[in-house]
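For reference, the chains in residue letters:
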Amino acid sequence: MPAIGRICYEDVEGAAELFTSQFCHLVEKLHDSFTERVLEFRKQRRAVLELALKKGRLPSPLPPSAATTTSWVVPHVPDELRKPGIEISGPAAITQMFINALNPVADGTRAEGDLDDDEDSGGHRLIDTVMSAHNRLRAAQGTLTYHDMNRNREYRLKPGTLPFFMHRERGLALDEPHFRVDGKAIPAAILGTALTLYYTGREQAARGQGIYFYLPKLEAVAEAAFWKDFFAACQKEIPGLERATIRGIILVESLPAVYQMEEMLHALGPYAAGLNAARWDLKASILEFIMADPKAVWPDRFGVDIKTTPFLANTFRRLVAVCLKHDAVPIGGMATALPSKDEDVNRAAAGAIRADKEWEARQGFLRGWVAHIYHMQTAATPFKVWRATGWQPGPELAGPDNFPVRIETPRGEITLEGSRRNVRTIIEYLEGWLNGRGAKGIDSLEGKPGTHPALMEDLATARISVAQTAQRVLHRSRTSDTGEEHGLPVIKRLVVSERDDIIRRLPEGPERDAQAERYARAARIALRWIKNYTEFDFRSLGSYTREDLDKIAASPDAF
């Protein structure tokens, strides 16, 4: 492993260009200033979660404070962050996907923003972090290209103004095991954010552009204050960033964050811009916090819709109210449908996306996210049309107290078919992960009758599937469609049958054997992941190295 000063790292392609002595010196300073805080946050998170699991004490509101009782607004939010429309999301490390996201559709229209992601759709290896850094910099410079040798196809950025970038690094819970300071893995958020600011951030600042981040998986006010201090330190230490515009939008994707939205926005101080309704991770977080409660077993995942689940809808109305109260921007959720060769499927997907985004627009959200450029205009139009009517939110919508937080069990059926779809999603997602992808198009109804698009599933939806499966096993939930009681034998039967069905459907060709082996390994990892959740081990998949996963895949079945 190459070593510079106190740092050593895995010698992946492109790393030496980034990990210069100057950059490594910066990282040493940031490590010394911030790593202990990150480690303390992790202890505090575990304590809050254990209170819920062992004593049934869920997170709750904080006492009144200046953040909630005084009049204040966030600093000036750049005009481009106030644009209604859509942001397109995808992994920053996969170059051709990044280029496609930045390019226009056939009529020349581009997304308003691009969520270049290292978190829920990233691969969580050092090579992914390095590729993201290179791709972001070249995109900011307008020079990003990619040659697909298998297809003999060239990808290039098309002329015109690019969407604004929303950089999303990995969360505070994760380390980068292949980049070490004093022999210990550095928190991934410190490394990734330092890379982005040192390279892409300076390029953006030199061009007069704002530098924007989504801040994932925050769980406490102190964590938002951490980002305020981290950004300030980087502006002090990195030449060219002294007067740069840096703004953060907090992703509300943990249950504790739901109770602290206003306080976290306040704690971000001069870097605050808004809040995002991160639907999927929030559902996963709620499931983890209520995992021990036999009275809180959720119905099938696909039946729990934000629009029709009152307590979830109310949570996100509260998010909008916090933003309106403090002149911040509220950003909505993801439209995950992927295009199909079947136009009936595309029409059905478009109808669902349109209804979803119309609902968000009418709640006061400015923008949402979309997983594929094909559905970009469908997802963007409701926001643009609604804002063009001149609609202004009434004062009741700007009152967070009008939308108190309640955690309830959604109504709906618990079915074996719902568990089967969860299991198929987990196996499919893990196969993509083993193939270096953090996001993958998955049709959990493949082979079933009806009209159903594949969905771009990421780590958040995989977490939901694992958590829901484990919750049903823990409480031996009985299914309404077959009358069976959930247990590990039932889940193993589903894992084996779904694995075999997926492999049976693989197309013939030179890659089939390698794919089949990945699916076999994915099934064994799925068993371990589910078993871990039944033991209240909710480690993110991103915390397992590829070496860890290889060992799990080579071990006897977890159950």
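Owing to the predicted nature of the structure, the values given are computational and were not obtained by experimental measurement. (Residues numbered from 1 in each chain as written. Predicted model: local features only at pLDDT ≥ 70, side-chain atom pairs only at ≥ 80, totals over all residues. Heavy atoms only, no water.)

### Quick word on the overall build of the protein
Scanning the protein from terminus to terminus reveals 18 helices and 16 strands. For the protein, whose C-alpha radius of gyration is 23 Å, the value lies close to the compact-globule estimate of 24 Å for 559 residues. Within the protein, contacts between residues separated by at least 24 positions form 79% of all contacts whose residues are at least 6 apart in sequence. For the protein, the accessible area works out to roughly 22200 Å², and carbon and sulfur atoms hold 51% of it. (Helix = DSSP H or I, 4+ residues; strand = E, 2+ residues; numbered from the N terminus. Rg over C-alpha atoms; globule rule 2.2 N^0.38 Å. Contact = heavy atoms within 4.5 Å. Areas by Shrake-Rupley, 256 points an atom, 1.4 Å probe, with all protein chains shown as cover.)

### Concerning helix α18 (residues 546-554)
Looking only at α18, the buried set comprises Arg546, Leu549, Ile552 and Ala553. For α18, the angular spread of the buried residues around the axis is 115°, confining them to a single face. Exposed side of α18, more than 90 degrees from the buried face: Lys551 and Ala554 are the residues found there. For α18, the secondary structure elements touched by its buried residues are α14 (416-434) and α17 (512-534). (Buried < 20%, exposed > 50% of the residue type's maximum accessible area, 1.4 Å probe, protein only. Arc of directions from axis to C-beta.)

### Regarding the sheet that holds strand β9 (residues 184-187)
Spatial ordering of the open sheet is given by β1-β2-β8-β9, a layout of 4 strands whose pairing is antiparallel. Each of the sheet's edge strands pairs with one partner strand only, and the pair in question is β1 (3-4) and β9. Pairing geometry for strand β8 (residues 175-181) and β9, over 4 bridges, is antiparallel. Opposite Glu176, over in β9, you have Ile186 as the bridge partner. Contacting β1, β2 (7-9), β8 and β9, helix α2 (residues 21-55) runs over the sheet at an angle of about 85° to β9. (Pairing = 2+ DSSP bridges. Axes fitted to C-alpha atoms, helices over the stretch in contact; angles between N-to-C directions.)

### What about the pattern of salt bridges?
Going through the model one piece at a time under the given rule, you end up with 55 salt bridges. Residue Glu219 pairs with Arg45 through a salt bridge whose shortest N-O separation is 3.8 Å. Linking Glu219 in the loop between β10 (211-215) and α7 (221-237) with Arg45 in helix α2, this pair joins segments that are 174 residues apart in sequence. Note on Glu219: relative accessible area 19%, which makes it buried. Assessed through its relative accessible area of 13%, Arg45 is described here as buried. Among the ionic contacts, a cluster of salt bridges with common partners joins Glu417, Arg420, Arg424, Glu446, Glu498, Asp501, Arg504 and Arg505. (Salt bridge = Lys/Arg side-chain N within 4 Å of Asp/Glu carboxyl O.)

Any functional reading would require information beyond the geometric quantities listed.
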